[in-house]
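Residues per chain are reported as follows:
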Amino acid sequence: MTDTPMLSPLRLRHALAALLWLVLAAGLVRPAQAQLNLRIGPGGAFQPMPIAVADFSGDPGLGPLVTGIVANNLRRSGYFAPVEKARFPENPSFDAAPHFSAWKEAGVQGLVTGRVTRDGAGRLKTEFRLWDVLSGQQMIGQQYAGDAANARRMGHLISDAVYTKITGIGGFFDTRVAFVDESGSKERRRKRLAIMDQDGANVRYLTSGEAAVVAPRYSPATQDITYMSQTTGQQPRVQVINLETGARQVIPTNADMSTSPRFSPDGRRLVMSDQEGGNASIYVMDLGSKAQTRVTNANAIDTSPSFSPDGREIVFESDRGGQQQIYVMGADGSNPRRLSYGDGSASQPAWSPRGDYIAFTRQRKGSFAICVMKPDGTGERVLTEGFHNEGPTWAPNGQYVMFFRDPGGQAGGKLYMVDVTGKVEQPVPTPSYASDPTWSPLIDAQR
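Each value, and the rule that gives it
Residues numbered from 1 in each chain as written. Predicted model: local features only at pLDDT ≥ 70, side-chain atom pairs only at ≥ 80, totals over all residues. Heavy atoms only, no water. Helix = DSSP H or I, 4+ residues; strand = E, 2+ residues; numbered from the N terminus. Buried < 20%, exposed > 50% of the residue type's maximum accessible area, 1.4 Å probe, protein only. Contact = heavy atoms within 4.5 Å. Areas by Shrake-Rupley, 256 points an atom, 1.4 Å probe, with all protein chains shown as cover. Phe/Tyr/Trp six-rings, centres within 6.5 Å; stacked < 30°, edge-to-face > 60°. Lys NZ or Arg CZ within 6 Å of the ring centre and 35° of its normal. Axes fitted to C-alpha atoms, helices over the stretch in contact; angles between N-to-C directions. Parallel < 35°, antiparallel > 145°, perpendicular 65-115°, else oblique. Left-handed = near helix turned anticlockwise from the far one by under 90°. Nonpolar A, V, L, I, M, F, W, Y, C, P; charged D, E, K, R; others polar. Polar contact = N/O pair within 3.5 Å; in protein donor to acceptor, adjacent residues only side chain to side chain. Core = buried A, V, L, I, M, F, W, Y, C linked by side-chain atoms within 4.5 Å. Pairing = 2+ DSSP bridges. Expected span 1.5 Å × (residues − 1). pLDDT = per-residue confidence, 0-100.

What follows deals with the overall build of the chain. Scanning the chain from N- to C-terminus turns up four helices and 30 strands. The proportion of buried residues among the 447 residues of the chain is 55%. Within the chain, contacts between residues at least 6 apart in sequence are counted, and of these 48% link residues at least 24 apart. Accessible area of the chain: about 18300 Å², with a carbon and sulfur share of 49%.

What follows is the structure, given as structure tokens:
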């Protein structure tokens, strides 16, 4: 099985390094002193920034495609409000500075212009500029080159560049999401492992549905996904699939049942929960040697482990105190301590890639909330609450959490994402019902 079309490693390096350069002609370049920025935090009022994404000129088929991707990405981030084209004061040329006074009068603060062209061999060159309308300066100008099949990805790369330049936060658009695709009746639901771009495009199915898939988890460092696969009448099995080669392997364990697998930050180990009788303990497995090390040994059910970004600690859920709560310990099992308190239970912890928060599910009084807290257990905040929210997973920039919401009955789950301030919540499109999302790193970071 091969991955969706993308730049080859050599072309990727060219696209993101050697061919990543400022494209303004000398007569249009001005010192980089633009003031356009967006401050985002958990407190205070917040309004999305008005930004215009002008039609990318050049190729009549691919120009509108890239334009739409950039505008849609910025809108879905929740931090930008793309202006309707009917309000544009002009159709700006890519080769000339825009009429800033007219754009300012139209209420626009940022302006993106671009061009998509093909060379004689059919390869694409996609260029863009981000203008600060208020200061009348260019903030950034870059170009990307690659195969025509990568036009959508170039739109995501441009979106990341614009988003990062204005917010100061790393990008997240050039990513994928693996999830459990659910179809059929509630009693006979088929659960397949699927993968798509973060905006819902390019959906592919990685399993047939003959065995149910549960709890996929992306590797932070490689093109691997681990998940649990269960055939009717058999115990679940932990598996790993490589997205580049399609190779699959069943992870051997000595336990009655292994659950909740998750990769270490370097992708070389799995941490999982092994059930033995009425208890469950957490083990770390070296994927090379398959050697397992037990790191918890309590008279309890310890499960849902997640490494800290530096690999030094593991957060997990346990009922050792009487009900499910969040605990943290050293990666070797040392110094376990409770983090979550308050009403209800806490489960499904996931450590942010930035290391600043742990996301988890808080259940209380029939309600399911997606919450975050600091790694020391302080500062707990609800990002979204209702029925029935579960399965938080982080975007690689640590600014968004994706989860699924299941209303119950004969319906099924749908994916949503919420930002870490709790101010922005957006649905994530999928072909049918969906659950258990897991967010990839930036695609370039997996190479």
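Right, let's get into the packing of aromatic side chains. Evaluated as defined, the whole model comprises 13 aromatic pairs. Between arginine 129 and the ring centre of phenylalanine 94, over which it is positioned, the NZ or CZ distance is 4.0 Å. The positively charged end of arginine 405 is found above the aromatic ring belonging to tyrosine 416, 4.5 Å away from the centroid.

We now examine the packing of helix H2 (residues 62-77) against helix H4 (residues 151-167). In contact at an axis separation of 8 Å, H2 and H4 are set at 40 degrees when each is read in the N-to-C sense. Accordingly, the angle class assigned to the pair H2 and H4 is oblique. Read as a crossing pair, H2 and H4 show a hand that is right-handed. Of H4, the residues touching H2 (which contributes Leu62, Leu65, Val66, Ile69, Val70, Asn73, Leu74 and Ser77) are Ala151, Arg152, Gly155, His156, Ile158, Ser159, Val162 and Tyr163. Looking at the contact of H2 with H4 residue by residue, the class counts come to 10 nonpolar, five polar and one charged.

This next bit is on the environment of glutamine 324. Relative to the helices and strands, glutamine 324 resides in the loop between strand S19 (313-318) and strand S20 (325-330). For glutamine 324, a relative accessible area of 36% corresponds to the partly exposed category. Considering only alpha carbons, one finds glutamine 324 and glycine 344, 20 residues apart in sequence, at a separation of 8.6 Å. Ignoring sequence-local partners within four residues, the contact set of glutamine 324 consists of Glu317, Ser318, Asp319, Ser345, Ala346 and Ser347. Looking at glutamine 324, its side chain comes within polar contact range of the side chain of glutamate 317, at 2.5 Å.

A general trend in soluble globular proteins is that nonpolar side chains are found buried together. Phe128, Leu130, Val162 and Ile166 are the most contacted members of the largest nonpolar core, which has 45 residues in total. Among the elements that line this core, the one with the most residues is H4, at eight residues.

Turning our eyes to something else, we now look at the side chain of glutamate 182. Inspection of the secondary structure assignment puts glutamate 182 in strand S7 (residues 176-183). Here serine 435 takes part through its side chain, which lies 2.6 Å from a polar atom of the side chain of glutamate 182.

Reading across from one edge, S10-S11-S12-S13 is the order of the four strands in this open sheet, with antiparallel pairing throughout. Because the sheet does not close on itself, it has two edges, and the strands there are strand S10 (212-218) and strand S13 (248-250). Between one strand and the next, the sheet's axes are offset by a mean angle of 25 degrees, whatever the strand orientation. Two elements, strand S12 (residues 237-242) and S13, share three bridges in a ladder whose sense is antiparallel. The residue bridging isoleucine 241 from the neighbouring strand is arginine 248, located in S13.

As a further point, take the sheet that holds strand S14 (residues 257-263). Judged by pairing direction, the sheet is antiparallel, and its four strands sit side by side in the order S14-S15-S16-S17 without closing on themselves. In this open sheet, the two edge strands, each paired with only one partner strand, are S14 and strand S17 (292-294). When the angles between neighbouring strand axes are averaged without regard to direction, this sheet yields 30 degrees.

For H4, which comprises 17 residues, the first-to-last C-alpha distance of 24 Å matches the rise-based estimate of 24 Å (1.5 Å per residue) to within 8%. Within H4, 15 of the 17 residues are buried, which leaves it mostly tucked inside the rest of the structure. Directly beyond the C-terminal end of H4, a positive phi value near 80 degrees is found at glycine 168.

What follows covers the confidence of the model for the chain. Model confidence for the chain is summarised by a mean pLDDT of 89, while 90% of its residues fall at 70 or above. Per-residue pLDDT stays below 50 along residues 1-34; that stretch engages in 85 contacts with residues further than four places along the chain or on separate chains.

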